[in-house]
Structure formats: structure tokens, C-alpha cells
Amino acid sequence: MSELTVRPATAQALPAVDLTTRLGDATFPNPVFTASGCAAAGQELEQFFDVRLLGGVVTKSIMLAPRSGRPTPRMAETPSGMLNSIGLQGPGIDAFLEHDLAWLAARGARAVVSIAGGSVEDYAKLAMRLRGQPGLAMVEVNISCPNVEDRGQVFACDPVAASGVIQAVRRNTDNRVPVFAKLSPDVTDIATIARACVNAGADGLSVINTLLGMAIDTTTMRPALGGVTGGLSGPAIRPVAVRCVWQVHQALPEVPILGMGGIRTGLDALEFVLAGASAVSVGTTVFGDPTAPIRVLHELAHALAQRGFERIEDAVGFAHRAPELYIPEEPDPVGDDEPLPARRSVGFEEDR
Amino acid sequence: MPVQVLGEVLSMRRVGAYHAMTLVAPGIAERTKPGHFVALQVGGPESSMLLRRAFAIYDVKERGVYGGTVEFIFSVHGKGTAWLAARRPQDKIDVVGPLGKPFRLPKGKVNATLVGGGYGSAPLLPLARALRDRGCRVDFVLGAASIDRLFGQLDAKRMSSSIAVTTDDGSMGEQGRVSDVLPQVLDRTRCDVVYACGPMAMLRAVSELAAERGIPSQVAVEESMACGIGVCMTCVLPVIGDDGISRMVRSCVEGPVFLGDRVRWNDVGTVPADVLGAPMSTGGGH
Ligand SMILES: Cc1cc2nc3c(=O)[nH]c(=O)nc-3n(C[C@H](O)[C@H](O)[C@H](O)COP(=O)(O)OP(=O)(O)OC[C@H]3O[C@@H](n4cnc5c(N)ncnc54)[C@H](O)[C@@H]3O)c2cc1C
Ligand SMILES: Cc1cc2nc3c(=O)[nH]c(=O)nc-3n(C[C@H](O)[C@H](O)[C@H](O)COP(=O)(O)O)c2cc1C
Ligand code: FES
């Protein structure tokens, strides 16, 4: 009975690893964030841990107007994952600023506000509304939304549409506040979209959003989700996410990445860091384990320390480095002009 | 305020077609009121089932030999509940609770009718106790598909002035639905308030029968949930607010107990056009 514990274990000391991470012009005390749509705006999680302990709180994507979302059922559990078709339900930017961002600011948490829209103008207006808001540490642009002006084509799937949105947001955002574009994995070449977003002014990239999926209920013989298709998330998508982070970091090694997709443990987070992420978001795992972000932070710090890293910065993209060659530091003990001594023959003892 | 605890199975028992699990879960019992629920991790630490399972709290003991315990009644539905049914004493299960908004108790001594369907009677038994402690009259109406899917009818009988039982197959009580007998009970007992927990179709019928008579009702709904703590937005249903505006509200934090006449029963499973933020002009996204 004695090992019954109330979690999270209180104030466990972090090992001496410098976890400070830079995302564009912003510095965060550690690299573990929540994921958009998986932590609301932090208040519910505050019941379980102090949200200031996180690198940042990424809020549910907010739109200009209140939005009711899609019909239920909105969720289907799948092997090591889930499908969701929430449909961006939210209170709209006014109520968000008044209640949610204000709360995060008062709490002293670093807010990463995710914005979503149906047109370039929507995004521009959202960025303007966020200007000068206290508590705002970063803007994440959810471009996995249909463009109402282009027959519902998803912005994230078209480099031109994606650039248009990012340019509009960057132009209307305070200089000191980094703008991250959140990429969809449902594209032929993620590096092309990444490059387009960076050229349009993105200070960094959030990689990845959910994968489009679907499940059919074999009892009703109808789609399991009210929205028919939905976004797949959780550990099931982790290899896809790690691949995306790897490819984006390879194409744009100087651009900071906020990596996510199925992170459940500190070692999962380390995988993203080694692939090129400077920070990570913990999403779906929170549904099953509300204190997971804090656990992941501790586990990641220990995993870095165990591997001899003194700063997380040194681990970012480490897996891309070629195995190092041994280059002797001492000059060759044998001078160039001296002849090499003759090789001696070696005799071995009998096996007893 | 809920807590997350690594609980330990104290005991498991069979009750008809159901299982009853008692967990040692310090910190939950003290905070629990009738109508609260717990959300459990299933499948162990490496489980491929990521989402929590929600169960209405049946019984709590603040201080047992081992500390606070929580008991709930469940039926095996899919993989997660099958895993739970296979647990044995001393197995560990991560549990979060108490969650949700509980039943609200009346201020005065009133006549309350409690309507339970299947395992939905579980949270009504502690509610009956709380009502009786306040001097309320309690009448029960319990229904299920068959006798083995009734729960707590003996305890209910002990704690009430009357009990009516219905089963779909007539294996106990009257053959039929709770809604067949409820009108007489409401009229005969001069009912002042109705409390209900059970399948959505039953809650709808109960809410409507109560509303027809001008009797307030409180019903505990069961919507599919992924997190149980209010962060995912999967568990919504259309509910009319105090301001008369309908919203898609989260049943895990604003419910599971709602006023029966505020739930838009006709529209559950849809997003009615007059709900705040509808219709979706821009579609898509998550
Ligand atoms: C507030 C509340 C109280 C509940 N109380 C009880 C109770 O006292 N006794 C009892 O037997 N059952 C209760 N349920 C239903 C119980 O949560 C589901 O039967 C259970 O989650 C099914 O899990 P599974 O793995 O067996 O099924 P699966 O179908 O494999 O579950 C897959 C996913 O869907 C979700 N899900 C499926 N059905 C339901 C459902 N009916 N409600 C909520 N989530 C669902 C699960 O949480 C899981 O995430 C309650 C549900 C809610 C919301
Ligand atoms: C229920 C749910 C809602 C989500 N809502 C949003 C959202 O509003 N905006 C967004 O950019 N991403 C959203 N996402 C995607 C996550 O932020 C994340 O990119 C993705 O789920 C992968 O990470 P994970 O596997 O850790 O969840 C949502 C995911 C889930 C599961
Ligand atoms: S179950 Fe996640 S918000 Fe209700």
C-alpha cells in the first residue's frame, strides 16, 4: 500500500541540463508545451499542475467568431491513437481574449495562441487583435483549414495559399512575437510547404498537425464520426511526425521547429529533438494522463543528462550529424624522415 | 477539484450482469458528491487504448483501513471495460476524480422521484441517502432490459417510500419502460423534483414527462468522452443556457447533470442551426 502516490510527485528536482530553448526571438525556460486543441486554454490542466512549469501553453485554435463545431460523435479511439472531428469549436476571439488569454497572462504562463480562419483576411484580423496582448509569447498559425475563397482547398496543402496566410499574420504581429506555421503531414513534400512559409516570414514551424483518417462503425455500418472524416493523432502517428521533423530540419536547418505527434514519454520527446525540434508539444497523451507534460519534461531532462548533454540546444538535430571520425590531436610520434621500425612477430601462449 | 491518483483495486464483485469495482484512491472520496464520476486509464502503462473511461461513482468511504475508497458499477461494453472486468485485488489503475457537476440538492423537504435505467441507478443510491438525510420523501422507479441488468433495487427499496420496477422482458416488475409507470408515480407522490440517470432515450422521456407537469428534473447524461476533464471538446450536446441561448456544452465539466428541460433532446447528435456559432460557414479543421 505504501507505494500509492498522489501524482504528480511534487517538486522533483530536474537534472542540471540547460533546458532553455529559443524559438525565433522568444526564449522559453524549457522545451515542453501543450498542443493546440489538447489543453483548451490551460485552466483545466491547472487543476493538476502549475501551468507556468511548462515551456508554454498552446491554446485551442481560435477563430474570429464563436463556432459550434461538428456534430457528435466527435471522437473514435483507434489503435494507439484517436480520430477527432471537433470542427474548431470555440468562443471566438473576443471572448478568448477576455477570459482565456487574460487568465493565462494573470497566471504568468507563456501563451502560444493558435489562430485559424477561412480566409487570409480572417488570419490578418486575428493577428491584429492579438497585437499588444499581455501574456502572448508566440503565435501558431493553424493552416490546416479550408480556404472558403478557394473551394475549401486546405491552406496547408498549397505553398501559395500557405504563404499568403503567413505573410498576412507576420505583417500584423508585434515584431518581438514569433509566428510559427503549423504544417500538415497530408502533403506530397512537406519541405516545399515549409520553405514557402519561411519565405513568407514564418519564424519557425510547428510539425505536425493530425493526419486525415476515417473509421466505420461495423455495427451501424456508418462512418464512426459525425464529421465522417477526422484527424488522426496519438502514438500511432509518431513515426510520420518524426519523419516530417527530420525532413523539415534537413531542408531548413536554421529554422526552429516545435515538434509533435504522439509524444507520450521523455524518450519520445528526445526523438523529436534529435530529429531537429527545438521544443515539443504533448497533445493526445494529455487526455489519458493530464499530468503527462510535466512527466515528459522530467523524463526528457533525465534522458538528455544521461546522454551527456549539458544543453538541450546541443541535442537539436543531433541525429543528422554523421558519426564523427577520429582525428588524432597529437602529431604523429614518428617523424617523416625516420624509417618505420620493422614489424615484430608475435607469439601466443598455448590454451590451457 | 479533481485529483489524479494511482489507485489500487481493493475488491471486485459480480452484481447480476454487472461488475462492481472498489478502488483505494486517496483524495477522491472526500470530495465526492452524488452524481460525480471518475475517469480511469485502461490497459496498463503501454496500453494502445489512450483515452479514459468514465464511470458514475456509486459508493465512497472516506476512511477505510487503507484510506479512501471509491466504488462504481460497470457493464462490459468494449475492450476497455473488458480489461477492467479482468482486474484483481492489488492491481493498479490510474484514476482521476471526482469529475463533473453533481446533482443539486433541494433546499427544503420535498418529494423526490429518482429514475434509474440499468447501471444508471448506481449514482441515485447515494443521492437517495443525501435526500433522506434532508428529510425528503424519496420514490424510486427503476428499469432495465432484464432482471440481471437492474442494479440496487433492494437498497432502493430500503431507502424509499415506494419503488416501481420495469423490465423490457417482464423478468421482474412490470413489463415495459420506466416511462410507462412514471406518470402515475409523479402524480401519486405529488412529486416536486425528478432525478434521473440512464440511457439517453430514457432521460429524454423522463425530462418530457416531468416538464409536462411543470416538475423540475435533473438528469445525468452519458456522452462519449475522450478526456473527462474538459480539454478535448468531444463530449458536447446542445443545451439552452440561462440567457436562453443554446450552446454546444461539454458534458464532462458542465454536466453530466443537466436540467432536463434545458437539454435539446431532439437535437442531440446534431448542431442545431440556432446554436451559438452555427451554422458552420467555413467547415473543416479540427
Ligand atoms: C459520465 C459517465 C458516466 C458513466 N457511468 C457508467 C457507469 O456507471 N457504468 C458503466 O458501465 N458505464 C458508464 N459509462 C459508460 C462507460 O464510460 C463506457 O461504457 C465505457 O467508456 C466503454 O469503454 P470500452 O473500452 O469498453 O468501449 P469502447 O467502445 O472500446 O470505448 C472506446 C472509447 O469510446 C468511449 N466511449 C464508448 N462508449 C462510451 C459511453 N457510453 N460513454 C462514454 N464514453 C464512451 C470510451 O471512453 C473510449 O474512449 C459512463 C459514461 C459517462 C460519460
Ligand atoms: C481533439 C483534438 C483537437 C485538436 N485541435 C487542434 C486545433 O484546434 N488546432 C491545431 O492546430 N491542432 C489541433 N489538434 C492537433 C494537435 O495539436 C497535434 O498537432 C496533433 O494531435 C498531433 O499531436 P499528438 O499526437 O500529441 O496529439 C487537435 C488534436 C486533437 C486530438
Ligand atoms: S471529454 Fe474531453 S471535454 Fe469532455
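Residues numbered from 1 in each chain as written. Chains lettered and ligands numbered in written order. Predicted model: local features only at pLDDT ≥ 70, side-chain atom pairs only at ≥ 80, totals over all residues. Heavy atoms only, no water.

Visitor: Whenever I open this one, the site of ligand 1 confuses me. Can you help?
Guide: Lining the immediate surroundings of ligand 1 are 22 residues, of which B:Ala54, B:Gly78, B:Gly80, B:Thr81 and B:Glu222 lie closest. Residues near ligand 1 are shared among chains A and B, making this a multi-chain site. Protein coverage of the free-state accessible area of ligand 1, which is 830 Å², stands at 88%. Broken down by secondary-structure element, the contributors of at least two residues to the shell around ligand 1 are β6 (75-78) of chain A together with β4 (53-56), β6 (67-74) and α1 (79-85) of chain B. Broken down by element, the shell around ligand 1 gets its largest block of residues, 4 residues, from β4(B). Residues of the shell around ligand 1, tallied by class, amount to 10 nonpolar, 6 polar and 6 charged. (Near = heavy atom within 4 Å. Areas by Shrake-Rupley, 256 points an atom, 1.4 Å probe, with all protein chains shown as cover. Helix = DSSP H or I, 4+ residues; strand = E, 2+ residues; numbered from the N terminus. Nonpolar A, V, L, I, M, F, W, Y, C, P; charged D, E, K, R; others polar.)

Visitor: Quick question: what am I supposed to make of the layout of surface pockets here?
Guide: Rolled over the atoms, a probe with the dimensions of a water molecule shows which regions are left empty. For the second largest pocket, the calculated volume is near 680 Å³. In terms of lining residues, the second largest pocket is bounded by 27 residues, among which A:Gly90, A:Pro91, A:Asp100, B:Met233 and B:Arg250 are the most central. Contributions of two or more residues to the lining of the second largest pocket are made by α1 (93-107) of chain A together with β15 (246-250) of chain B. (1 Å grid on protein atoms, 1.4 Å probe; cavity = no way out; pocket = protein on both sides within 12 Å on 5 of 7 lines; lining within 4 Å. Points joined across faces, edges and corners; volume = space filled by probe spheres on them.)

Visitor: Would you mind going over the pattern of salt bridges with me for this structure?
Guide: Side chains carrying opposite charge are able to pair once their charged atoms draw close together. Summed over all chains, the structure comprises 32 salt bridges over all chains. A salt bridge links A:Glu44 to B:Arg250; the nearest nitrogen and oxygen atoms lie 3.0 Å apart. Of this pair, A:Glu44 sits in the loop between β4 (32-34) and β5 (57-58) while B:Arg250 sits in strand β15, placing the two residues on different chains. According to the relative accessible area criterion, A:Glu44 is buried, its value standing at 15%. Using a relative accessible area of 18% as the deciding quantity, one classes B:Arg250 as buried. Each of A:Glu46, A:Asp50, A:Arg52 and A:Arg107 takes part in salt bridges that share partners, so that together they form one network. (Salt bridge = Lys/Arg side-chain N within 4 Å of Asp/Glu carboxyl O. Buried < 20%, exposed > 50% of the residue type's maximum accessible area, 1.4 Å probe, protein only.)

Visitor: Hey, could you run me through the interface of chain A and chain B in this one?
Guide: By convention, interface size is frequently given as the accessible area that disappears when the constituent parts associate. Counting residues at the interface gives 53 residues for chain A, matched by 52 residues for chain B. Roughly 4500 Å² is buried in total at the junction of chain A and chain B, and carbon and sulfur atoms are behind 57% of that figure. A salt bridge links B:Arg53 to A:Glu77, with the shortest nitrogen-to-oxygen separation between them at 2.7 Å. Here chain A and chain B share 13 residue pairs in polar contact (both at pLDDT 80 or more) between them. Residue composition of the side of chain A that touches chain B, grouped by class: 22 nonpolar, 21 polar and 10 charged. (Contact = heavy atoms within 4.5 Å. Buried area = accessible area lost by both parts, 1.4 Å probe. Polar contact = N/O pair within 3.5 Å; in protein donor to acceptor, adjacent residues only side chain to side chain.)

Visitor: What is the right way to look at a nonpolar patch on the surface in this model?
Guide: A contiguous nonpolar patch, built from A:Met214, A:Ile216 and A:Val228 and spanning about 270 Å² of accessible area, is present on the exposed surface. Residue placement: A:Met214 occurs in strand β14 (residues 211-214). (Patch = residues over 30% accessible without salt bridge, like charges linked within 9 Å, V, L, I, M, F, W, Y side chains within 5 Å.)

Visitor: Can you walk me through the packing of aromatic side chains in this structure?
Guide: In this description, an aromatic ring pair is defined by two values, namely the gap between the centres and the angle between the planes. All names here are of chain B. Scanning the model with the defined rule gives 9 aromatic pairs over all chains in all. A centroid spacing of 5.6 Å and a plane angle of 90° characterise the contact between Phe103 and Tyr195, whose relative ring orientation is edge-to-face. Here Phe103, found in the loop between β7 (92-99) and β8 (111-117), pairs with Tyr195, found in strand β12 (residues 193-197); they are 92 residues apart in sequence, far enough to count as distant. Residues Phe103 and Tyr195 agree in their burial class; the two are buried. The ring of Trp83 is capped by Arg87, whose NZ or CZ atom sits 4.0 Å from the centre of that ring. (Phe/Tyr/Trp six-rings, centres within 6.5 Å; stacked < 30°, edge-to-face > 60°. Lys NZ or Arg CZ within 6 Å of the ring centre and 35° of its normal.)

Visitor: Whenever I open this one, α1(A) confuses me. Can you help?
Guide: Structural remark: α-helix, 3.6 residues per turn; residues separated by three or four positions point the same way. Residue and element names in this part refer to chain A. The terminal C-alpha atoms of α1, which comprises 15 residues, lie 19 Å apart, in line with the 21 Å expected from a rise of 1.5 Å per residue. Along α1, the sharpest kink reaches roughly 30°, centred on Leu101. Among the residues of α1, Ile93, Phe96, Leu97, Asp100, Leu101 and Leu104 are the ones counted as buried. In this structure, the buried residues of α1 make contact with β5, β8 (111-115) and α2 (120-130). With its phi angle positive at about 85°, Gly108 sits one or two positions after the end of α1. (Expected span 1.5 Å × (residues − 1). Bend = angle between axes of the 7 residues up to and from the residue.)

Visitor: When you look at the packing of α1(A) against α2(A) in this model, what are you seeing that I'm missing?
Guide: For any two helices packed against each other, one specifies the inter-axial angle together with the distance between the axes. All names here are of chain A. The contact between α1 and α2 brings their axes to 11 Å, and the two run at 35°. The handedness of the crossing between α1 and α2 is right-handed. Contacts between α1 and α2 involve Ile93, Asp94, Leu97 and Leu101 from the former and Leu126, Arg129 and Leu130 from the latter. In the contact of α1 with α2, the residues fall into 5 nonpolar, no polar and 2 charged. (Axes fitted to C-alpha atoms, helices over the stretch in contact; angles between N-to-C directions. Left-handed = near helix turned anticlockwise from the far one by under 90°.)

Visitor: I tried to follow the sheet that holds β12(B) on my own but got confused; where do I start?
Guide: Paired through their backbone hydrogen bonds, the strands of a sheet run either parallel or antiparallel. All names here are of chain B. Strand order in the open sheet made by the 7 strands is β11-β10-β9-β8-β12-β13-β16, with mixed pairing throughout. Two strands close off the open sheet at either side, each with one partner strand: β11 (174-175) and β16 (257-259). Note that strand β13 (residues 217-220) and β16 share 3 bridges and pair antiparallel. Its bridge partner lying in β16, Val219 is registered against Phe258. Against the sheet, helix α2 (residues 124-133) touches β8, β9 (137-144) and β12, its axis set at about 170° to β8. The sheet contacts of helix α4 (residues 178-188) involve β8, β9, β10 (162-167), β11 and β12, and relative to β9 the element is tilted by about 170°. (Pairing = 2+ DSSP bridges.)

Visitor: Hey, could you run me through the site of ligand 2 in this one?
Guide: Residues and elements named next belong to chain A. If you check the shell around ligand 2, you find 24 residues, and the closest are Ser36, Ser61, Lys182, Gly262 and Thr284. Between ligand 2 and Thr284, the relevant distance is 2.6 Å, taken from an oxygen atom to a side-chain nitrogen or oxygen of the residue. Taking 610 Å² as the accessible area of ligand 2 by itself, protein coverage stands at 100%. A majority-of-atoms criterion places ligand 2 in the largest cavity. Residue composition of the shell around ligand 2, grouped by class: 8 nonpolar, 14 polar and 2 charged. (Sits in = over half its atoms within 2 Å of the grid points.)

Visitor: I'm lost on the domain arrangement of chain B in this one. Help?
Guide: Residues and elements named next belong to chain B. Entries for chain B in the domain assignment read domain 1 (3-99), domain 2 (111-220) and domain 3 (228-278). Placing a centre on the C-alpha atoms of domain 1 and another on those of domain 2 gives a separation of 25 Å. Surface buried jointly by domain 1 and domain 2 totals about 1100 Å² across both partners, of which 66% is contributed by carbon and sulfur atoms. The largest per-residue losses of area from domain 1 upon contact with domain 2 belong to Tyr18, Pro34 and Tyr58, which jointly make up 50% of the total buried on that side. Put simply, domain 1 and domain 2 have 0 salt bridges between them. On inspection of domain 1 and its partner domain 2, the count reaches 3 residue pairs in polar contact (both at pLDDT 80 or more). (Domains from an automatic or database assignment.)

Visitor: Sorry if this is basic, but what is going on with the pairing of β7(B) here?
Guide: Side-chain positions along a regular strand alternate between the two faces of the sheet. Residue and element names in this part refer to chain B. Most of β7 sits out of view: 7 of its 8 residues are buried. In the sheet, strand β1 (residues 3-15) pairs with β7 via 6 bridges, with the strands oriented antiparallel. Directly across from Val5, in β7, lies its bridge partner Val95. The pairing of strand β3 (residues 37-40) with β7 spans 3 bridges and is classified as antiparallel.

Visitor: Looking at this model, I keep getting lost on the side chain of A:Arg67. Mind explaining?
Guide: Residue and element names in this part refer to chain A. Relative to the elements of secondary structure, Arg67 occurs in the loop between β5 and β6. Buried and without a salt bridge, Arg67 has Asp122 as its closest oppositely charged side chain, separated by 7.9 Å. Within polar-contact distance, the side chain of Arg67 engages the backbone oxygen of Gly87 at 3.1 Å. (Lys, Arg positive; Asp, Glu negative; His and termini not counted.)

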